[in-house]
Amino acid sequence: MSAQPPSAIELEFARRYDQEHARACLQSRPRGLARRLTFWRDEQLVRNALKVAGEPGLVLDVACGAGRFWPVLAEHANRVILASDPSQDMLNHAQTHHPQNLLKRVKTFQSSAFTIGLSANAVDCIFCMQLFQHIDSTEHRLAMLKEFHRVSRDTVIVAVRVDAHFKLRRPGAEGAQPLQLPGKAEVEAEFRQAGLRLLSHQDFLPGCARMRVYVLRKAR
């Protein structure tokens, strides 16, 4: 499980999204009521998705950051957890972010999300809650989905921010262009193009699909 050199797509992705992704990954457990409710809802979505995926025994957390969802993944006592991130600094930070009894359950390695350093069909489930939803390029989403299809032998869990008739602006200088969110039909067509079929979806808030968690299965 050695580090893979970044592809041209990942270099472009890193240039555009690295700061936003780092902030999300480094977020500590929230203190305010609204943030605690958001954190609780995120964890509920993950538990439900894992159940739909059949409680996979070997899960790879792709672009894991500081391991925000490792405690939830570890709730299944027999689950083996692999975790990759393109940043070794982020993986090092994760080692300071969790208790030792949890860290013993997680095997981390540095790897690109576009060229994961594992063989084909290596894990039961690919889990990507933080990185995929920040991608607004069809080309980049398809490249990542096809790599997920290669490495997973069964299911893929991804979070997607979809168009809900408003635009999000990237952090940074004033006048930044709005973040272009894909429509539901667009992203679901990309799943099919990558060889993945839809098992289920959950919206962060029912009736408001700003953030949606999909469970996908490799088409046989």
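Residues numbered from 1 in each chain as written. Predicted model: local features only at pLDDT ≥ 70, side-chain atom pairs only at ≥ 80, totals over all residues. Heavy atoms only, no water.

## Points about the overall build of the protein chain
Each helix and strand in the protein chain was counted, giving seven helices and nine strands. Sorting the 220 residues of the protein chain into buried and exposed places 50% on the buried side. Long-range contacts, defined here as pairs at least 24 residues apart, represent 70% of the contacts in the protein chain between residues at least 6 apart. Approximately 10,500 Å² of the protein chain is accessible, and the part contributed by carbon and sulfur atoms is 52%. (Helix = DSSP H or I, 4+ residues; strand = E, 2+ residues; numbered from the N terminus. Buried < 20%, exposed > 50% of the residue type's maximum accessible area, 1.4 Å probe, protein only. Contact = heavy atoms within 4.5 Å. Areas by Shrake-Rupley, 256 points an atom, 1.4 Å probe, with all protein chains shown as cover.)

## A closer look at the packing of aromatic side chains
Scanning all chains against the criterion turns up two aromatic pairs. A centroid spacing of 5.9 Å and a plane angle of 75° characterise the contact between Phe 69 and Phe 127, whose relative ring orientation is edge-to-face. Of the two residues, Phe 69 sits in the loop between strand 1 (58-62) and helix 3 (70-73) while Phe 127 sits in strand 4 (residues 123-128), which places them 58 residues apart along the sequence. For the pair Phe 69 and Phe 127, one class covers both residues: buried. (Phe/Tyr/Trp six-rings, centres within 6.5 Å; stacked < 30°, edge-to-face > 60°.)

## Structural notes on the pairing of strand 2 (residues 80-85)
Burial analysis of strand 2 places five of its six residues in the buried class, which makes it a mostly covered element. Bridge count between strand 1 and strand 2: five bridges; the pairing is parallel. Bridge pairing in strand 2 links Asp 61 to Ala 83. Across five bridges, strand 2 lies against strand 3 (residues 106-110) in parallel orientation. In the sheet register, Ala 83 faces strand 3, and the bridge partner there is Thr 108. (Pairing = 2+ DSSP bridges.)

## Considering the packing of helix 6 (residues 138-151) against helix 7 (residues 184-193)
Between helix 6 and helix 7, the least distance of the axes is 9 Å, while the angle of their chain directions is 40°. Taken together, helix 6 and helix 7 sit at an angle that is classed as oblique. Here helix 6 and helix 7 pass one another in a crossing that is right-handed. Two secondary-structure elements touch here, helix 6 through Thr 138, Arg 141, Leu 142 and Leu 145 and helix 7 through Glu 186, Val 187, Glu 190, Phe 191 and Gln 193. Grouping the constituent residues of the contact of helix 6 with helix 7 by class yields four nonpolar, two polar and three charged. (Axes fitted to C-alpha atoms, helices over the stretch in contact; angles between N-to-C directions. Parallel < 35°, antiparallel > 145°, perpendicular 65-115°, else oblique. Left-handed = near helix turned anticlockwise from the far one by under 90°. Nonpolar A, V, L, I, M, F, W, Y, C, P; charged D, E, K, R; others polar.)

## Considering the pattern of salt bridges
One pass over the structure, following the stated rule, counts 11 salt bridges. For Glu 55, the salt bridge is made with Arg 79, and the minimal N-O distance between the two is 2.7 Å. Of this pair, Glu 55 sits in the loop between helix 2 (33-52) and strand 1 while Arg 79 sits in the loop between helix 3 and strand 2, and the two are 24 residues apart along the sequence. Judged by relative accessible area, which is 3%, Arg 79 ranks as buried. Here Asp 203 makes a salt bridge to Arg 212, at a shortest N to O gap of 2.5 Å. The pair Asp 203 / Arg 212 is uniform in exposure class, with both members buried. Three or more residues are tied together by salt bridges with common partners; here these are Glu 43, Arg 47 and Glu 75. (Salt bridge = Lys/Arg side-chain N within 4 Å of Asp/Glu carboxyl O.)

Interpretation in functional terms is not warranted from these geometric data alone.
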